[in-house]
Amino acid sequence: MGSPHMSDSAISANARDSFAKRAEHVRERANWMRRRLLKMIVDAGQGHPGGDLSSADIVASLYFDILRIDPKDPAAPGRDRFVLSKGHCTGVLYTALAASGFFAEAELDTYLKPESRLNGHPNRAYLPGVETNTGPLGHGLPVGVGIAVAGQIDNAAYRVFVLTGDGELQEGSMWEAAMFAGHRELGNLTVIVDRNRLQQGARTEETNSLEPLGDKWRAFGWQVVEVDGHDHAALLAAFDAAAEPRTKPRVIIANTFKGQGVSFMRDQAGWHHGVPNAEQYAQAIAELDAEMGK
Amino acid sequence: MSAAVPVIAGMFDCRDAYVRAVEELAEGDDRIVAVVNDSVGSSKLGKFRERFPTRLINVGIAEQNMVSVGAGLANGGKIPFVSGASCFLTARALEQIKADCAYSEQNVKLCGISSGVAYGELGATHHSIEDIAWLRAIDKLTVIVPADPWETAEAIKAAAALDGPVYVRISRMPVPAIERPEGARFAIGKAETLRDGDDVAIIVNGTLVHRALDAATALAGEGIAARVINMATISPLDVEAIAAAAATGAIVTAEEGLATGGLGGAVAEYCAENSPVRMKMLGFPGFLPTGSAKWLMERYGLTADGIASAARTLVAGKRS
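Remember, predicted model here, so these are calculated numbers, not experimental data. (Residues numbered from 1 in each chain as written. Chains lettered and ligands numbered in written order. Predicted model: local features only at pLDDT ≥ 70, side-chain atom pairs only at ≥ 80, totals over all residues. Heavy atoms only, no water.)

A word on the domain arrangement of chain B
All names here are of chain B. When cut into domains, chain B gives domain 1 (14–170) and domain 2 (192–319). Centre-to-centre, using C-alpha coordinates, domain 1 lies 26 Å away from domain 2. Contact residues are listed per partner, giving 22 residues for domain 1 and 30 residues for domain 2. In total, domain 1 and domain 2 occlude about 1900 Å² of area from one another, counting both sides; carbon and sulfur atoms represent 58% of this. A per-residue breakdown of the area domain 1 buries against domain 2 is headed by V117, I129 and R136, which together make up 33% of the total. Between domain 1 and domain 2 we count one salt bridge in total. Between R136 and E269 there is a salt bridge; the shortest N-O distance is 2.6 Å. Counting the contacts that link domain 1 with domain 2 gives twelve residue pairs in polar contact (both at pLDDT 80 or more). (Domains from an automatic or database assignment. Contact = heavy atoms within 4.5 Å. Buried area = accessible area lost by both parts, 1.4 Å probe. Salt bridge = Lys/Arg side-chain N within 4 Å of Asp/Glu carboxyl O. Polar contact = N/O pair within 3.5 Å; in protein donor to acceptor, adjacent residues only side chain to side chain.)

Printed below as a string of C-alpha cells:
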C-alpha cells in the first residue's frame, strides 16, 4: 500500500507530460462549461453559480478524460458511474452531459423552464446519463457506495465517482456511508470533495468546522489525496486508475474556490445562489474569454 | 399458484414466509441480494446469509445508509430486499425512500419487519403505525400489506417481478392462514373479495383480515351480510373495489395502524370525492399507552367484536 499522500515525485516525468497534454483539452472544455452554464443561469433567472464554477474543473476532468461512458448506451452495465451528490450544481452536470452527447446542446436553453428535462436538480427518469436523483444533501455518497458494493460483488471493472460539496459533509448520512465504504474496502470508489470552504450561508469552518478533514477520512479507512481542484493535470493524475489503492476507497480533497473563473464571484458566499445582471454577465464572459486567450 | 390454497391450522409468523420466498428467489436469480441494518436475526435472514454469504449486505445500525445502499445496488443491476424493523426503516430513512428509491425509480424492495404494534410494550418509538400514512403519500412507490403466509410469499414474488420500488409490510403478530377460493391469485393493485355481502363492506388488510372474516361470520348470524375485502395493496389502490363497496351504503375499515392517513384514510378520500358513504374507520389514534400487542389491539377495538360492532352501528343507521 502506498503513502496516503501522493506527491509529485510519485508521478514520472513522462506521465506528467501526458497529463499536461490531456489537461489542455479539459481546460478548454471547463472554460466552455463555465460560459455556457452562466448563460443558462442568466436565461433562467436562477441557479447555483458559485458551486457550479468551483466544481467545473473536476467535472470536466471526469467527463472529458476519465469516465468510460457511452451516450449511445447510457445504461450499459459496465459503465463508470458519476454521482453528483451536490445535486444543486446542475449547471456543470448538464453542460458536461450535453457536450458528451447525452442530449443536444440546444436543450440547455430549456434549463429550468416549464416541462424541461433540465430540472433544478437532476432526474434520471428525464435525462440519460443521470445515475440517481439528488438534491437533498447527503444522498449521493450512500447511493454511490451501494453501486460500488454491487461492482465489488460482481468483480466488475467499472469505477464509481461521487462529487460532494464540503458543507454537505455536515450530513450524518455521509459518514454512515464513509464508514461502510471503509469497512467494505471499496477500492472501486472515488469521492471528490469540492473543498471551496463556503457553504450557503458562511464559511464551513465558521459554521460547523470540517477540519482536520483528511484525518477524518483516514480514520474511516480511506486513502486521502489533496489536490488543487482547478489544476487539470493534477486532477487527471489523481483520477488515474493506476494511482488507485484498490483495497481502499479513495477521497480526493480538491481545494477550490467558489465562483472560480469570474473575479467578482470568486470566494464569495453571496454567489451560492445569485444571477449576474447584464453588465456582470458581460464581464464574466469577457474574463472567461480572456482566460482562453480570446 | 392457481391451485386451491391449502389452509393449515395454527398461527403463523409471516417473517418465515418472507424469508422462504426471498431464499427461493435468490436460488434462481443472482441479482437478488438482502440488505440489513444489523437485523439479520429480527429479519430471520440467518439462513439466507449461510446460503448466500456474499449477497447479504449488513450496513450496521444505519438505516439511511441501508436504504441508499439498496438504491445503489439497484443501479448496479441488483434486486435488493432491504429489510429492517419498519419503524426505523420507514421513519429514519423516509427521505432516502422518497428520493433514492421512489423519485429515482430504482428497483428496490423495502421490507418493513415487525410492523404495526408488534413490539407492544416497547412503546411508540418501536411501533410502526404511521408507515402507511407517509409511504402512501410517496408517488411511484407500491405499498403492500399482506395478511398471511401465503399472501406474504406471493407479495414478495410479485414485488421481485415488478421493476420499481415496493414496500412490503411484514407482520410478526401471529396470524392464521386465510381460507381462499380455488384458483386464488395475488395481483398487485387488485383487492380480494373474501366474502360477499351487500349490507356492509369491511375493508381490511394485514392482521385485520382474519378478524374481519370472524366478524362477518358473527354478523351473518344476526342477518347482516357483510362483504370482506382484503385491500392488500394500498398503492396503487383498487378504486373499483371501493366504489363497489360504497354501493352497499356502509363501509368499515380496520387496520393495524393509524386510520387517518392509512387504509381508512385512503378509502375515505376516494369515497368523499366519488361515492359518499357512511363509514367507520378503525385504527389507532396516535402514540399508544404501554401494553402488549394483543392488549393494544383489544383496547382499540381492532378485533372481530370491534369490527362487528362498528358494522352493526352503520347498518342500523342505514336502515333507520
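Some thoughts on the packing of aromatic side chains
Given two aromatic rings, their pairing is described by the distance between the two centres and the angle made by the two planes. Residues and elements named next belong to chain A. Summed over the entire model, instances satisfying the criterion amount to nine aromatic pairs over all chains. Where Y63 meets F82, the ring centres are 5.4 Å apart and the plane angle is 75°; that geometry is what we call edge-to-face. Here Y63, found in helix α2 (residues 49–66), pairs with F82, found in strand β1 (residues 81–84); they are 19 residues apart in sequence, far enough to count as distant. In terms of burial, Y63 and F82 fall into one category: buried. Among the aromatic residues, those joined into a cluster by ring pairs are W175, W217, F220 and W222. Sitting over the ring of F64, R29 keeps its end group 5.7 Å from the ring centre. Over the ring of Y158 we find R81, and its NZ or CZ is 4.2 Å from the ring centre. (Phe/Tyr/Trp six-rings, centres within 6.5 Å; stacked < 30°, edge-to-face > 60°. Helix = DSSP H or I, 4+ residues; strand = E, 2+ residues; numbered from the N terminus. Buried < 20%, exposed > 50% of the residue type's maximum accessible area, 1.4 Å probe, protein only. Lys NZ or Arg CZ within 6 Å of the ring centre and 35° of its normal.)

Things to note about the interface of chain B and chain A
In this complex, chain B contributes 24 residues to the contact, which on the side of chain A involves 26 residues. Between chain B and chain A, the buried area comes to about 2100 Å², and carbon and sulfur atoms account for 49% of it. Interface area lost by chain B to chain A is led by N65, N75 and Y103 of chain B, which between them contribute 26%. Counting residues per element, the ones that place at least two in the side of chain B that touches chain A are β2 (56–58), α3 (63–75) and α5 (94–103) of chain B. Of all the elements, α3 of chain B adds the most residues to the side of chain B that touches chain A, at nine residues. Of the residues in the side of chain B that touches chain A, the class split is eight nonpolar, eleven polar and five charged. (Nonpolar A, V, L, I, M, F, W, Y, C, P; charged D, E, K, R; others polar.)

Structural notes on the packing of α2 of chain A against helix α8 (residues 232–239) of chain A
All names here are of chain A. Put simply, α2 and α8 touch, their axes get as near as 10 Å, and they point 60° apart. What the angle tells us is that α2 and α8 run oblique. For the pair α2 and α8, the crossing hand works out as right-handed. Along the contact surface, α2 presents D57, I58, S61, L62, D65 and I66, while α8 presents H232, L235, L236 and F239. By residue class, the composition of the contact of α2 with α8 is six nonpolar, two polar and two charged. (Axes fitted to C-alpha atoms, helices over the stretch in contact; angles between N-to-C directions. Parallel < 35°, antiparallel > 145°, perpendicular 65-115°, else oblique. Left-handed = near helix turned anticlockwise from the far one by under 90°.)

Description of the confidence of the model for chain A
Averaged over every residue, the pLDDT of chain A is 94; residues scoring 70 or more account for 96%. Ignoring residues within four places in sequence, the model shows residues 1–9 of chain A, a span with pLDDT below 50, making 15 contacts including any to other chains. (pLDDT = per-residue confidence, 0-100.)

A look at unusual backbone geometry
Residue P212 of chain A is bonded to the preceding E211 of chain A through a cis peptide linkage, with omega at 0°. Omega for the bond connecting S235 of chain B with P236 of chain B falls within 30 degrees of zero, at -5°, which places this linkage in the cis form. In this structure, P236 of chain B sits in the loop between β10 (233–235) and α9 (239–246). Phi at L112 of chain A is positive, roughly 70°, even though this residue is not glycine. With respect to the element layout, L112 of chain A can be found in the loop between α3 (90–99) and α4 (140–154). Residue class for L112 of chain A comes out partly exposed when judged on its relative accessible area of 26%.

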